[in-house]
Amino acid sequence: AEIGYAASKWFDILLAASYQDYSQDNTKGYGIGKESNGTTLHIGFGSYATERISYRLLAGWTRFEYAGGADTSNGMTYSISGKWQIGETWNLVALAASYYQPSEREYATAQRTDALSFGVAKSLIRGKLNATFDVCYRHEGHTYSEDPERDYDLDILTFRGGLNYSINNYMTIFTRGEYRDSMSDKSGYYDYERFRVSVGLRLTY
């Protein structure tokens, strides 16, 4: 939920609140609860710095209760975004956010995620062909781990590039290339690199 007050043409005061509820299939028998929930309250501002630059800056507090009280985390979180339309064919976008959640990989673990990304898009051939590139840094720190072997931090760096070609208003061909490097502080046990290329067809109705 979000409420805003337009203080001027270029400046909005924002108040945002959210509630998250998770239920996981705890089949490993760690003896912890299956339900987790979090509450976030943010305050900030946003709108337009110029006619071509828009932005949002929100920060506040999050309380996250993992596994029915096995662990409770409290911390400052934020949500930041900005877009700059450079001319008629270039767009720059920057995003940053932080949040708490159950781990996406292991049982009986909770984590805090901080992510920062920057992207650029270029329109080519009268808007029929579009090129995109973005880079994303993501830090995952475990706030609770039932098993000490799963207590580690992970830094993920991702580079992506893509091309989109619009055949008509209903059909677009796209291709993507991605390189990801994951680095942990657990003696390299969770480290890996990944290359991925995909080609597809997007249909719009």
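Residues numbered from 1 in each chain as written. Predicted model: local features only at pLDDT ≥ 70, side-chain atom pairs only at ≥ 80, totals over all residues. Heavy atoms only, no water.

K.L.:
Sorry if this is basic, but what is going on with the pattern of salt bridges here?
P.N.:
Two side chains that carry opposite charge are able to pair once their charged atoms sit near each other. One pass over the structure, following the stated rule, counts ten salt bridges. Linking arginine 56 and glutamate 2 is a salt bridge whose minimum nitrogen-to-oxygen distance equals 2.7 Å. Here arginine 56 is found in strand 4 (residues 53–66), whereas its partner glutamate 2 is found in strand 1 (residues 2–8), with 54 residues between them in sequence. You can call arginine 56 partly exposed: its relative accessible area is 30%. Across the pair arginine 52 and glutamate 88 runs a salt bridge, and its minimum N-O distance is 3.4 Å. With arginine 52 in the loop between strand 3 (35–48) and strand 4 and glutamate 88 in the loop between strand 5 (71–86) and strand 6 (90–102), this residue pair connects regions lying 36 residues apart in the sequence. Exposure remark for glutamate 88: the relative accessible area of 65% places this residue in the exposed category. A single network of salt bridges, built from pairs that share partners, joins Glu104, Arg105, Glu106, Arg138 and Glu140. (Salt bridge = Lys/Arg side-chain N within 4 Å of Asp/Glu carboxyl O. Helix = DSSP H or I, 4+ residues; strand = E, 2+ residues; numbered from the N terminus. Buried < 20%, exposed > 50% of the residue type's maximum accessible area, 1.4 Å probe, protein only.)

K.L.:
Is there a simple way to think about a nonpolar patch on the surface in this case?
P.N.:
A cluster of nonpolar residues, Tyr165, Ile167, Tyr170, Met171, Ile173, Val199, Leu201, Leu203 and Tyr205, forms a patch on the protein surface that exposes about 980 Å² of accessible area. Where the nonpolar patch is concerned, the elements lending two or more residues are strand 9 (153–168), strand 10 (171–184) and strand 11 (192–203). Ranked by residue count, the leading element in the nonpolar patch is strand 11, at three residues. Residue position: valine 199 is located in strand 11. (Patch = residues over 30% accessible without salt bridge, like charges linked within 9 Å, V, L, I, M, F, W, Y side chains within 5 Å. Areas by Shrake-Rupley, 256 points an atom, 1.4 Å probe, with all protein chains shown as cover.)

K.L.:
Honestly, the side chain of histidine 42 in this entry has me stumped. Any pointers?
P.N.:
Here histidine 42 lies in strand 3. In this structure histidine 42 comes out as buried when scored by relative accessible area, which is 9%. Look past the residues within four positions of histidine 42 in its chain and what remains in contact with it is Leu14, Leu15, Ala16, Leu58, Ala59, Gly60, Trp61, Thr77, Tyr78 and Ser79. (Contact = heavy atoms within 4.5 Å.)

K.L.:
Hey, could you run me through the sheet that holds strand 5 in this one?
P.N.:
Within a sheet, neighbouring strands are paired by backbone hydrogen bonds and run either parallel or antiparallel to one another. In spatial order, the strands read 1-2-3-4-5-6-7-8-9-10-11; together these eleven strands make up an open sheet with antiparallel pairing. Every other strand in the sheet has two partners, leaving strand 1 and strand 11 as the edge strands with one partner each. In this sheet, neighbouring strand axes are inclined to one another by 15° on average, regardless of whether the strands run parallel or antiparallel. The pairing of strand 7 (residues 109–124) with strand 8 (residues 129–145) spans 16 bridges and is classified as antiparallel. Residue pairing for strand 8: threonine 109 is matched across the bridge by serine 145. (Pairing = 2+ DSSP bridges. Axes fitted to C-alpha atoms, helices over the stretch in contact; angles between N-to-C directions.)

K.L.:
Any chance you could explain the environment of glutamate 104 here in plain terms?
P.N.:
Summarising the element assignment, glutamate 104 is placed in the loop between strand 6 and strand 7. For glutamate 104, the contacting residues outside a window of four places in its chain are Gln111 and Arg138. Side chain to side chain, glutamate 104 and glutamine 101 meet in a polar contact 2.9 Å long. (Polar contact = N/O pair within 3.5 Å; in protein donor to acceptor, adjacent residues only side chain to side chain.)

K.L.:
Looking at this model, I keep getting lost on the packing of aromatic side chains. Mind explaining?
P.N.:
Under the counting rule described, the total for this entry stands at seven aromatic pairs. Relative to phenylalanine 45, the ring of phenylalanine 11 has its centre 5.5 Å away and its plane inclined at 25°; by these criteria the two rings are stacked. In this pair, phenylalanine 11 sits in strand 2 (residues 11–23) while phenylalanine 45 sits in strand 3, placing the two residues 34 residues apart along the sequence. Since its relative accessible area comes to 34%, phenylalanine 45 is described here as partly exposed. Note on tyrosine 179 and phenylalanine 195: the rings are 4.9 Å apart at their centroids and 40° apart in plane angle, and the pair reads as tilted. Within this pair, whereas tyrosine 179 is found in strand 10, its partner phenylalanine 195 is found in strand 11, the two being separated by 16 residues in sequence. Taken together through their ring pairs, the aromatic side chains of Phe11, Phe45 and Tyr55 make up a single cluster. Positioned above the aromatic ring of tyrosine 165 is the side chain of lysine 128, whose terminal nitrogen or guanidinium carbon lies 5.9 Å from the ring centre. (Phe/Tyr/Trp six-rings, centres within 6.5 Å; stacked < 30°, edge-to-face > 60°. Lys NZ or Arg CZ within 6 Å of the ring centre and 35° of its normal.)

K.L.:
Can you help me understand unusual backbone geometry in this one?
P.N.:
As a rule of thumb, non-glycine residues mostly have phi less than zero, and peptide bonds are mostly trans rather than cis. Of note, the phi angle at serine 47 is positive, near 145°, even though the residue is not glycine. Its location among the elements puts serine 47 in strand 3. Here the phi dihedral of alanine 67 falls at roughly 55°; this positive angle occurs in a residue that is not glycine. Residue placement: alanine 67 occurs in the loop between strand 4 and strand 5. Look at alanine 67 and you get buried, because its relative accessible area is 4%.

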